There are 2 protein chains.
Amino acid sequence: MDSIKVFAPGTVANVACGFDVIGLALDAPGDEMILRRSSEPGIRITAIHGADLPLEASRNVAGVAVQALLQKYERPDIGIEIEIFKNIHPGSGIGSSAASSAGAVVGVNHLLGEPFTKKQLVRFAMEGERLACGSAHADNVAPAILGGFTLVRSYRPLDITGLRTPEHLWVTVIHPQIEVKTSDAREILKQKVLMTDAIRQWGNVAALVAGLYQDDYELISRSLEDVIVEPVRAILIPAFHELKLKCKEAGALGGGISGSGPSVFMLSKGEENARKVAATMDSVYAPLGVDYKIYVSQINTAGVKVID
Amino acid sequence: MDSIKVFAPGTVANVACGFDVIGLALDAPGDEMILRRSSEPGIRITAIHGADLPLEASRNVAGVAVQALLQKYERPDIGIEIEIFKNIHPGSGIGSSAASSAGAVVGVNHLLGEPFTKKQLVRFAMEGERLACGSAHADNVAPAILGGFTLVRSYRPLDITGLRTPEHLWVTVIHPQIEVKTSDAREILKQKVLMTDAIRQWGNVAALVAGLYQDDYELISRSLEDVIVEPVRAILIPAFHELKLKCKEAGALGGGISGSGPSVFMLSKGEENARKVAATMDSVYAPLGVDYKIYVSQINTAGVKVID
C-alpha cells in the first residue's frame, strides 16, 4: 500500500468532572488526511487545506508525530508525504492538533503494515501535542486513536484505558469562534482546591464511569458536574451558564467546556435530543453577535478510520 | 414472622483512592443479630454480647436506626427487641457501628414484610452513623446493606450506586488493636489539596471503577493508590508502610487504611493470594507487641443476610 486516506476525529477532553483524565471521540467534526509513501526519505507536509498551519514537518504536529513513529521504527530511509484537509478549527477546543497527530500516525502505521499497537501510537501522537501546547498530554490523542471514551489514569507510567460507550449517547458541540488560549485557560486554574470539592469531583468521576458501564443515562446525567474547573473557566465562554441551563432544559444529560474551550459540549440520549440541544444552542448564540458552528454526532467508537 | 436472625457484615470504607465515596462489604468479620416483634410498643436492646455498648435504644446505633425506620413506617405501636452478638470490634475501622445499624434495619424490614427498599434502608441506617460519629455518612452502611462495592456519589441529594464486583476479588484485613479516633483521623486531614494530587486521585478512582467492570485485576491494582489521605493518616498505624510494601510483594493487588483506621485492608486475586497476604501481615505484626486480628474473606455481594 502506497497511499491511504484517513478520517481523524475531533475529541472532547475533560468531559465535565473528568478534568485531565477523561476524553471522548466525535463523528463530527473531523479532518481528512492523505498519507503517501515516497521514495525520497523524510517527512513532507505537501499541503494543508482549510487552515493556516506550518508546512515544515518539524514545526507541524502531524510531522512531529510521524517523526516519533519512524524513529521508533528505526527506518530513517522511509519517505512520507502528508496532505491535510482541516475541518476542525485550530484553537476550537475540540482536539484540532490531536486529530492531525492521531490521523498521521494511524495512517502511517497502516502504510507500514501495522507494526505498532494503538496504545503505542498514542505515545507518538503525544509528541505532536507536546509541539502544539508544550506538554505531551494524551486526553485528546487517546480518544482520537482508541475511539469512544478513554481514561488517562497516569502519565508516569503512561496508563490509558478505553471505557465503555453506551450505544445511544450523542454529543452536541458548539464552537464559538473566539480565541481562548490554552495557556490562559491553564493559568486561571487554582493550584489548590478544597478537599470537599475534590471529594465531590471524584464521586462524580466514579459515577460517570459506572454510568457508562451500566448504560445508566440518568447516573451519567447526575455525574456530569464539574465543581473545580468549570466555575473558574466559565467566564471565558460567552453566555456559558445560560447555554448550559437551556441545553439541560432541552433534554441534554449534561456537559461542559470542551478541553480548555471555547467549545462547549452536551451529551444527550438519542439523536432527537441531541438535535433539540443543537437548536437550543443556536437560539442562545444567534443574538450574541459571535460567529459559531454547531455539530451533532454520535460518539465515535472507532477512532481514526481508514476511508480510502 | 416474629423473630429473625441476621448476619451483618463488616465493611471497608474509603478503599484507597475512593476516599469518602467507595466502600465494600466483607464476609468476615460480621455481627449476628436477633430481631423480635414484641407486643409491647417501643424498641428495646435486650442484650449485647461481645462489646460494651449502650443498651438504651436512643443511645444505641441499632436502636436509633430502627427508630428512624418505624417513624417513616408510621406505626409507633410496634415493639421490637434487638439482641446483638458483636464480632466486629468497635473502633476497628471496619464498620462496627454500621453493621449494627444495617443489620437492625434489614432485620426489622424483613419482620414487617419488606415495606422498604434497600436504598431506603440505607437512609435509616445512616441515622445510626449520625449517632456513632456525628455525621450521617453512608460509606459503611451502603455496602453493609447493598453488598459488594458501593459508590456514594453525593449526599445532597443522596445518590448511592452499587458497583460491579469481580468474582475472584478477596480481601485480607488486619485489625491492630489500638485506638484511632475517627475525629482525630479527620482532624489531621488538610482542608485544601494540590490540584495535581486531586487529578491523580480522580484518575485512580475512575480507573478503579473501570477495573471493577472490566474484571481487570491489573488495572484495579494500579489504581489502588491514595495520594491524598493515606500519606497523612499512615502515621496513625504501626508499621503501615512496611505492611503495605510486604503485602504487595506477597501478591496483594493493593490496599490501604480501612475507614479511618486502624485496620488495614488488602485486595487480592483469589483465595490463595489473600491467605499469603494474611501470613505476611502476621509476620510483620508478630514482632511489634501490638495485639491484632487478621481476617480473610471474599467480597460479600449480598450485604446483610437473613440466616435464621
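No experiment lies behind these values; they were computed from the predicted model shown. (Residues numbered from 1 in each chain as written. Chains lettered and ligands numbered in written order. Predicted model: local features only at pLDDT ≥ 70, side-chain atom pairs only at ≥ 80, totals over all residues. Heavy atoms only, no water.)

### As for the interface of chain B and chain A
With 37 residues of chain B at the contact, the number on the chain A side is 37 residues. A buried area of about 3000 Å², summed over both sides, lies between chain B and chain A, and 70% of it is on carbon and sulfur atoms. Three residues stand out in chain B for area buried against chain A, namely Arg-153, Met-195 and Trp-202 of chain B, and they jointly supply 26% of the buried area on that side. On the surface where chain B and chain A come into contact, there are two salt bridges. The salt bridge involving Asp-159 of chain B is made with Arg-222 of chain A; its shortest N-O contact spans 2.6 Å. Put simply, chain B and chain A have 13 residue pairs in polar contact (both at pLDDT 80 or more) between them. (Contact = heavy atoms within 4.5 Å. Buried area = accessible area lost by both parts, 1.4 Å probe. Salt bridge = Lys/Arg side-chain N within 4 Å of Asp/Glu carboxyl O. Polar contact = N/O pair within 3.5 Å; in protein donor to acceptor, adjacent residues only side chain to side chain.)

### Some details on the relation of the copies chain B and chain A
Mapping chain B onto chain A calls for a screw motion: a turn of 180° about the axis and a shift of 0.0 Å along it, with 0.0 Å RMSD after fitting. A rotation of that kind, with that shift, is consistent with a two-fold axis. (Least-squares fit on C-alpha atoms with pLDDT ≥ 70 in both.)

### Quick notes on the domain arrangement of chain A
All names here are of chain A. Split into domains, chain A comes out as domain 1 (3-163) and domain 2 (169-298). The straight-line distance from the C-alpha centre of domain 1 to that of domain 2 is 24 Å. Listed per partner, the contact involves 26 residues of domain 1 and 33 residues of domain 2. For the pair domain 1 and domain 2, the summed buried surface comes to about 2200 Å²; carbon and sulfur atoms form 68% of the total. Taken as a group, Ala-16, Cys-17 and Phe-19 account for 27% of the area that domain 1 buries against domain 2, more than any other trio of residues on that side. We note a salt bridge from Arg-186 to Asp-20, for which the minimum N-O separation is 2.8 Å. Counting across the domain 1 and domain 2 interface gives nine residue pairs in polar contact (both at pLDDT 80 or more). Of all the secondary structure elements, the ones that give two or more residues to the side of domain 1 that touches domain 2 are β1 (3-13), β2 (22-38) and β6 (158-163). Of the residues forming the side of domain 1 that touches domain 2, the biggest block, seven residues, is contributed by β2. (Domains from an automatic or database assignment. Helix = DSSP H or I, 4+ residues; strand = E, 2+ residues; numbered from the N terminus.)

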